[in-house]
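Close look at the chain arrangement
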Amino acid sequence: MKIFKNLHSAFKEDGHKFLCRDEKDCLRYYSREGYRSSIFLIATRFKDGHAYAVVPSDLLFSSTPVYIDEKGKMRGDFSLAYPFNDGVGLIISNDKNNCYYFVDENLRRVSQDYFHANSFNEGFAVIQKEEKGKMFFIDKTFSESEDCFKYASDFHQGYSIVKDDSFKGVKFRDYNGRLSEESFVDAKRYGDGFAPVLQEDGKWRFRDLTGKISEDEYEKAEEYHDGFALVQKVGGKDYFFRDVNGQLIGPFAEAENFRSGFAVVKKQAEYYPRYLDMFGQLSENFKYAQFYNDAFGEVQIDNRIYKRDMTGRLSQHETLLGNEFYELVYGFCKVEDLSEEFFNDKEYCKMLFKLAKVNKLTHTMQDVSHILNYVVSKQKKNEEKTENFTDREHEL
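Please read these numbers as outputs of a predicted model, since none were measured by experiment. (Residues numbered from 1 in each chain as written. Predicted model: local features only at pLDDT ≥ 70, side-chain atom pairs only at ≥ 80, totals over all residues. Heavy atoms only, no water.)

**A look at unusual backbone geometry**
In this model, G250 is joined to P251 through a cis peptide bond whose omega is 5 degrees. Note that P251 resides in strand β22 (residues 248–252). The phi dihedral of A269 is positive, around 65 degrees, even though this residue is not glycine. Within the secondary structure layout, A269 lies in the loop between β24 (262–266) and β25 (274–277). What makes A269 exposed here is its relative accessible area of 90%. (Helix = DSSP H or I, 4+ residues; strand = E, 2+ residues; numbered from the N terminus. Buried < 20%, exposed > 50% of the residue type's maximum accessible area, 1.4 Å probe, protein only.)

**Some details on the sheet that holds strand β8 (residues 88–92)**
Spatially, the three strands line up as an open sheet ordered β7-β8-β9, and their pairing is antiparallel. With one partner strand each, in any of the chains shown, β7 (80–85) and β9 (100–103) form the two edges of the open sheet. Going across the sheet, the axis of each strand differs from the next one's by a mean of 20 degrees, ignoring polarity. Taken together, the four bridges between β8 and β9 define a ladder with antiparallel strand orientation. Bridge pairing links L90 to F102 in β9. (Pairing = 2+ DSSP bridges. Axes fitted to C-alpha atoms, helices over the stretch in contact; angles between N-to-C directions.)

**A look at the pattern of salt bridges**
In this structure the tally under the stated criterion is 15 salt bridges. Here R242 and D216 are joined by a salt bridge, their closest N and O atoms 2.7 Å apart. Taken as a pair, R242 in strand β21 (residues 239–243) and D216 in the loop between β18 (204–208) and β19 (218–225) lie far apart in primary sequence, 26 residues in all. Residues joined in a network through salt bridges with shared partners are D201, R205 and E217. (Salt bridge = Lys/Arg side-chain N within 4 Å of Asp/Glu carboxyl O.)

**What to know about the packing of aromatic side chains**
Under the counting rule described, the total for this entry stands at 23 aromatic pairs. Each ring, one from F206 and one from Y224, has its centre 5.4 Å from the other, and the planes form 70 degrees; the classification is edge-to-face. Pair noted here: F206 is in strand β18 and Y224 is in strand β19, with a separation of 18 residues, a long-range link. The pair formed by F206 and Y224 is uniform in burial state, with each residue classed as buried. Linked through ring pairs, F124, F137, F149, F155 and Y175 together constitute an aromatic cluster. Taking NZ or CZ as reference, K233 lies 4.6 Å from the ring centre of F240, over its face. A cation over an aromatic ring shows up here: K266 above the ring of Y271, its NZ or CZ 5.7 Å from the ring centre. (Phe/Tyr/Trp six-rings, centres within 6.5 Å; stacked < 30°, edge-to-face > 60°. Lys NZ or Arg CZ within 6 Å of the ring centre and 35° of its normal.)

This is the structure:
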């Protein structure tokens, strides 16, 4: 088995493929046999035998969406696609209509065209047949539901949130088409067995899977993640985390939802953030802390940003945001100050350019444009030096 070094994160997919970020924060697929794919702007884990990825083009600001099978074969003739879910992929055609349709594992079309569609979730998908039309549910046989709604969300833990002119507010719909007796001003999807619901008195409460509403009330309430929901008490400004038993952890002056077992929080009278784990333990303060994703968070120490794993260990290499890209964004360095290795990696420069465009960082895009020009001019000079040296050798 070939060993790859300096990988920030790796995920076991099916025993053969790993989705990893390398030391330059580029997404690649690796295999046990030593296969390493080219870099991707976007890449998902393998599911149902396929992964969805976006391939950077040689032309700046252009890219190609593709599906990748388990053998590494890439196929794509569409403007956009969504990861496989419940064994079905969702594609947006590249014709002028940009219609949605579903495909099987062989990328064969298995449904009609829709004006809009969501990916399958828990055996159902939400579709819209025409612009400004009602929303229907379809099952895995692509049969449409008899009922339709002005709005319908994906199913989560057996329930969809629906809205229609035939009733006030929003209601919950189960797999069999039964609607909740009570309607709500607003509601959010289920997580860990609870859904936040806004009642007519302006207070948020939690509804369990049996339809029972909690007695505790809140000014604000978010969906459950990793067993906790972010809430604000009525009349208060502090944030708390509510567990599935209704117990609160806090208070915090600022807080974000849990992701991958950690939440970014700030305590009262503290300027810098910390991490809060699922056991209520707080980390040290960091100048900057980003939510955990793919089992890693990002923290700033001094003027550098590092990856932090779930045990609290820091990466030995600064991340893309913590190295050249971070400095370019905030103007902390000049082109000439960057490393030789950075200039020699044109693929990396293009990644920076695309990231800058996505984040609408105009001045950064200009900086990276100068870098690309600098790379080309530097390579030309090196080639000229090599040619001159070779010519002199011939003369001698």
